[in-house]
Amino acid sequence: MTLHGQATYSPPDNLNEPQTEAVRHARGPLLVFAGAGSGKTRVIVYRIASLLAVHRVAPYRILAVTFTNKAAGEMKHRLTSLVGEDLTRDLWVGTFHSVCSRLLRRYADSAGLSKNFVIYDDSDQRSVVNRVLKELDLDEKRYPPRQVLSRIHHEKQEGRSPAEFEKRGFFDDAVAECFSRYEHHLKQANAVDFDDLLLHVLRLVEDEKSLAGEEIRHRFEHVLVDEFQDVNQVQYRLVRAFSKRTRNLCTVGDDDQSIYRWRGADVRVIRNFRRDYPDATVVKLEQNYRSTGHIVRSALGVIEPSSEREPKELWTDNKDGEPVLVVTADSEHDEAGWVVEHVRTLIEHGVSGRDIAVFYRVHAQSRVLEEVMRAERIPYQIIGGMRFFERAEVKDILSYLRVVSNPRSDVDLQRIINVPSRKIGQTTVDKLVQTANLAGTSLFDAIAPLCATSNLGTAAKKSLSAFRELLEDLMKEAQTAAPSELCEAVLERSGYQKMLEQEDTAESEARILNVNELIQSIVDYEEEARAEDQIPTLDGYLERVSLTSDADTIEEAPRVALMTVHAAKGLEFDTVFITGMEEDLFPFKAIDPKRGDDLEEERRLAYVAVTRARRQLVITHASRRAIFGQTRYGLPSRFLTDLPKGSYRNMATPAAALMGDRARTFANTFSGNSFGFARGKDWVHPQDRKPVSEPTSRAHEEQQSFLPKRVIEPSTHSEDRQQSFLPKRVSEPPPPSKTAVYVGRPNAKPEPLPQSRSTFAAARAARQVVQPGERYVERDSDVRGSSNMAIGGRVTHDIFGVGVVESVDPGPDPAVTVRFSGHGKKRIKSRFLRFIDVD
DNA sequence: TTGCCACAAATTTTT
DNA sequence: TTTGTGGCAA
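Residues numbered from 1 in each chain as written. Chains lettered and ligands numbered in written order. Predicted model: local features only at pLDDT ≥ 70, side-chain atom pairs only at ≥ 80, totals over all residues. Heavy atoms only, no water.

S.K.: What am I meant to see in the overall build of chain A here?
M.R.: Broken down by element type, chain A carries 30 helices and 24 strands. Burial analysis of chain A (839 residues in total) assigns 56% to the buried set. Expressed as a percentage of contacts within chain A between residues at least 6 apart in sequence, the contacts between residues at least 24 apart total 76%. Accessible surface, chain A: about 36,300 Å² in total, of which carbon and sulfur atoms supply 50%. (Helix = DSSP H or I, 4+ residues; strand = E, 2+ residues; numbered from the N terminus. Buried < 20%, exposed > 50% of the residue type's maximum accessible area, 1.4 Å probe, protein only. Contact = heavy atoms within 4.5 Å. Areas by Shrake-Rupley, 256 points an atom, 1.4 Å probe, with all protein chains shown as cover.)

S.K.: Where do I start with the sheet that holds strand S6 (residues 222-225) in this structure?
M.R.: The strands making up a sheet associate through hydrogen bonds between their backbones, and the pairing can be parallel or antiparallel. Within the open sheet, the six strands sit side by side as S3-S2-S6-S7-S1-S8. Their pairing is parallel. The open sheet terminates on both sides in strands that have one partner only, identified here as strand S3 (92-95) and strand S8 (281-285). Here the strands of the sheet are splayed against their neighbours by 15° on average, with no regard to which way each runs. Strand direction decides the pairing type here: strand S2 (residues 62-66) and S3, joined by four bridges, are parallel. The partner of Leu-63 across the bridge, within S3, is Trp-92. Of the strands in this sheet, S2, S6 and strand S7 (249-253) are in contact with helix H11 (residues 233-242), which crosses S6 at around 155°. (Pairing = 2+ DSSP bridges. Axes fitted to C-alpha atoms, helices over the stretch in contact; angles between N-to-C directions.)

S.K.: It is not clear to me how the packing of helix H7 (residues 145-157) against helix H9 (residues 194-206) should be interpreted in this structure. Could you clarify?
M.R.: A pair of packed helices is characterised by two quantities: the angle between their axes and the separation of those axes. Interhelical geometry of H7 versus H9 gives an angle of 25° and a closest axis separation of 10 Å. By the angle between their axes, H7 is roughly parallel relative to H9. Crossing of H7 against H9: the hand is left-handed. The residues of H9 that touch H7, namely those facing His-153, Lys-156 and Gln-157, are Asp-195, Asp-196 and Leu-199. Split by residue class, the contact of H7 with H9 holds one nonpolar, two polar and three charged. (Parallel < 35°, antiparallel > 145°, perpendicular 65-115°, else oblique. Left-handed = near helix turned anticlockwise from the far one by under 90°. Nonpolar A, V, L, I, M, F, W, Y, C, P; charged D, E, K, R; others polar.)

S.K.: Honestly, the protein's contact with DNA strand C in this entry has me stumped. Any pointers?
M.R.: Every residue lining DNA strand C is accounted for by Glu-140, Arg-367, Phe-628 and Gly-629. Of what DNA strand C places within 4 Å of the protein, 30% of the atoms are sugar or phosphate. Residue composition of the surface near DNA strand C, grouped by class: one nonpolar, one polar and two charged. (Near = heavy atom within 4 Å.)

S.K.: Sorry, what's going on with the sheet that holds strand S10 (residues 356-360) here?
M.R.: One open sheet holds the seven strands; their spatial order is S11-S12-S10-S13-S14-S9-S17, and the pairing between them is parallel. Strand pairing shows two members of the sheet lacking a second neighbour, strand S11 (380-382) and strand S17 (648-652), which therefore form its edges. With direction set aside, neighbouring strand axes in the sheet form an average angle of 20°. Judged from the four bridges that link them, S10 and strand S13 (residues 573-578) form a sheet pairing that is parallel. What sits directly across from Val-358, in S13, is Phe-577. Relative to the sheet, helix H14 (residues 293-303) contacts strand S9 (324-329) and strand S14 (613-622), its axis offset from that of S14 by approximately 55°. Set on the sheet, helix H16 (residues 366-375) makes contact with S10, S11 and strand S12 (560-564); between it and S11 the angle comes to about 160°.

S.K.: Even after reading the chapter, I still don't get the packing of aromatic side chains, so can you show me in this structure?
M.R.: Centre-to-centre distance and the angle between the planes together describe a pair of aromatic rings. Tallied over the entire structure, the rule returns 11 aromatic pairs. Ring plane angle 65° and centroid distance 6.0 Å describe the contact between Phe-228 and Tyr-236, whose orientation is recorded as edge-to-face. Residue class for Phe-228 comes out buried when judged on its relative accessible area of 0%. A ring pair is formed by Phe-586 and Phe-639, whose centres lie 6.0 Å apart and whose planes are at 85°; its orientation type is edge-to-face. Highlighted residues: Phe-586 in the loop between S13 and helix H27 (599-610) and Phe-639 in the loop between strand S16 (630-633) and S17, separated in sequence by 53 residues. This pair shows no difference in class: Phe-586 is buried, exactly as Phe-639 is. Over the face of the ring belonging to Phe-117 we find Arg-105, whose NZ or CZ atom lies 3.8 Å from the ring centre. (Phe/Tyr/Trp six-rings, centres within 6.5 Å; stacked < 30°, edge-to-face > 60°. Lys NZ or Arg CZ within 6 Å of the ring centre and 35° of its normal.)

S.K.: It is not clear to me how the nonpolar core should be interpreted in this structure. Could you clarify?
M.R.: One broad rule of soluble globular proteins: the nonpolar side chains tend to lie buried together. Counting 48 residues, the largest nonpolar core has Leu-398, Leu-413, Phe-467 and Tyr-541 as the members making the most contacts within it. By size, the runner-up hydrophobic cluster in this structure holds 46 residues, among which are Leu-104, Leu-198, Ile-216 and Ala-280. (Core = buried A, V, L, I, M, F, W, Y, C linked by side-chain atoms within 4.5 Å.)

S.K.: Whenever I open this one, H11 confuses me. Can you help?
M.R.: Residue pairs three or four apart in sequence face the same way in an α-helix, which turns once every 3.6 residues. Most of H11 is tucked away: seven of the 10 residues are buried. Turning to H11, its buried residues number three or more, namely Val-234, Gln-235, Tyr-236, Leu-238, Val-239, Ala-241 and Phe-242. You can read the cap of H11 off the contacts: a side-chain oxygen lies 3.0 Å from the backbone nitrogen of Val-234, and it is on Asn-232. (Polar contact = N/O pair within 3.5 Å; in protein donor to acceptor, adjacent residues only side chain to side chain.)

S.K.: Sorry if this is basic, but what is going on with the pattern of salt bridges here?
M.R.: In a structure, side chains of opposite charge can pair up when their charged atoms sit close to one another. On inspection of all chains with the given rule, the structure shows 55 salt bridges. Here Asp-230 ties to Lys-569 by a salt bridge, and the two come within 2.4 Å at their closest N and O atoms. Taken as a pair, Asp-230 in the loop between S6 and H11 and Lys-569 in the loop between helix H26 (565-568) and S13 lie far apart in primary sequence, 339 residues in all. Overall, Asp-230 belongs to the buried group, its relative accessible area being 7%. Residue class for Lys-569 comes out buried when judged on its relative accessible area of 15%. Where Arg-367 meets Glu-371, a salt bridge forms, and the shortest distance between an N and an O atom there is 3.2 Å. Of this pair, Arg-367 and Glu-371 both sit in helix H16, four residues apart, which is roughly one turn of the helix. It is possible to trace a salt-bridge network through shared partners that takes in Lys-40, Asp-226, Glu-227, Asp-230 and Lys-569. (Salt bridge = Lys/Arg side-chain N within 4 Å of Asp/Glu carboxyl O.)

S.K.: Before we go on, may I ask you to explain the environment of Ser-421 in this structure?
M.R.: Assignment of secondary structure puts Ser-421 in the loop between helix H18 (410-416) and helix H19 (426-439). A sequence separation of 193 residues divides Ser-421 from Arg-614, and the C-alpha atoms of the two residues are 53 Å apart.

S.K.: Explain helix H15 (residues 332-348) to me, please; I cannot follow it from the model alone.
M.R.: For H15, with 17 residues, the first-to-last C-alpha span of 24 Å sits near the 24 Å given by 1.5 Å per residue. Of all 17 residues in H15, 13 are buried, a share of seventy percent or more. Downstream of H15 by one or two residues, Gly-350 has phi in the positive range, about 100°. (Expected span 1.5 Å × (residues − 1).)

S.K.: Please explain the environment of Glu-214 as it appears in this structure.
M.R.: Along the chain, Glu-214 falls in helix H10 (residues 211-217). By relative accessible area, Glu-214 is classed as partly exposed at 34%. On a C-alpha basis, the gap between Glu-214 and Leu-518 in space is 40 Å, while along the polypeptide they are 304 residues apart. A distance of 2.7 Å separates polar atoms of two side chains, one belonging to Glu-214 and the other to Arg-217.

Dropping the structure here:
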């Protein structure tokens, strides 16, 4: 059965339309193209729920893989709410890495590892590469560690071992050598990198003769993959192998949102899925429930010029809403000022900061935005950037813990050997490395033999021995102490705590706080483990830390979120500002002309950015921008010219308006690439295109003397236009959206638009429209008619069908126990039930 | 061995 | 502009 292109309108909670019907019940290979905002997660969750409750598949036979812990957590959470804890507890829901790590712990022997292997992250990997380069006496100038590592990484993501290395030039001869030494060191240290987690499992599961592989192949009856456009070759082979026996492989993704090619993702996998599985059921979800008509059409306009994409027609039943606003700013400061000014206006008029997001292409753009936000006292949060577990002090302490758990981990040992300072300098460490290499042992094991030789000063011997005793001492402690106690012991006995306390600077104070937070995270882990009747172990904690990033947590605080477009994938906001929409910034143009540009991917990135907005999208660009210590003069991005006529309108900030003619002349005078970079072959510069934004030279009457201040493009219908930023109440039936639904009085008469000349007066009027309690709320808390939420009442459930209420648990999120015919008693949150009125 | 200064490099990032 | 790294002197 192949269904596609015939989506009909259906609210998100009606699961009877043919598409989702197929998704819920199809067997064999299944490919779901889920357009942006089409309710992808809902579809996957309902399929699993159906498999569990209707098809009676055992939970532990279902594997659902995602890319982030956050996505896995959400999926599990929604499933638990839908079908209850009993059915979901034993599901295999997790990231590729956590699933593989779990399997690998179980079959460590078969993979030639011991069970307490450590997981090396990015910086650990770099340390190994540095060591390898030194050993091979390779010049770091000619072989930058970063590039060497990324080359190795690339090979591993394609599933190749050092022996299978595909050399593509002289550089690779050296890299191949590094690769095999790198692998050697990891093995020596009983360590794996992130790629290895998958590779080891892949080798087992693809090995017909391996007993472990046989077991894993028989483990799962159903395999589901989320964000399928982001899988790399190894991940694809993995899920193929997992599902080889039953062929029940369900993949969900959107090739238009493939933005991680540089990270190994291979769009061809999703595009060629039908070639590998000719009998696959293909479903296309093309209705967008998230955004206004103008936004959906703009998104389509941006993505359509893309070649090679799977044909899809995103559409929506939602109202057109406000046109996309394209703003020309003079400089990055002007741009930031304009954006922040408008964020402020929104907040002053009752919009919560959490409904607003500001995107940029590169982190470097965030600084100016932050400065202005701070100056204007707008609460904001930066998503991404430095992560907690990457902070030096946190990594240091974790390295202590990891060495205690696995003394063979050389990278960790090297990290802490002289932190705090123990007078063990580079020379001594070099000698230690040499000794270890010669004897083929770990650094830790080389300490004693080195101290026994004579080519070391007495002082150095003494420090080294003391260091070794410290570690042995801690290892002994680890036998009996709980992880958190051990951590305290590390801080105490290593002198790390003292070092921080003595430093006594603002920075060291922050570090102490971070260390305390680390201890707290261990305590949290211990409590969680005990709650699940497990004994908290050091290894258990370390595993969790390695596979968790705190980037998974966006605070629910009412703060404006600032992030890169990449970080925005999977999120949605009422109002979105996309900044820096200029040629060579977005689409980004690498300074290094050797580096290939991927215009197609930039286009998809722009598509992702546009589709994050629910109600209002603002795109800004600046004529001039200081970035990376250079001033660039940028033309409006080519993507702006792809916005469909009628779905956007232009305006300029006062500064840009004043600069108007001059700026335009300047931009046009610049021949070719305005940044002076070499032009790529397929990188046609749109110099001949007229700028999308025609900066107006007439300043608006409201313009104040200080900048930045918004200028509304003079227009005969200025009243209407001035509403654009105001939290206008939706008065038609709520726009059905994946996670948000408008509650309040959906059938109320449309409010007359406030008629006023001044923006602020209009805003003030609009504020009255937004009543407390009428805000956007999570769809999950949309309590459906609860008139019959009493014992004996009849209810229906999307999966279990009709049932009778046996008991009620009131509260902010009420739950009820219901007896379903054919499914028995279930405890379910009432928001997942429809209560049937008996009158 | 440590600390300071000069210089280069500079997307996007999860696990 | 910022951040990280390498070389050199104390």
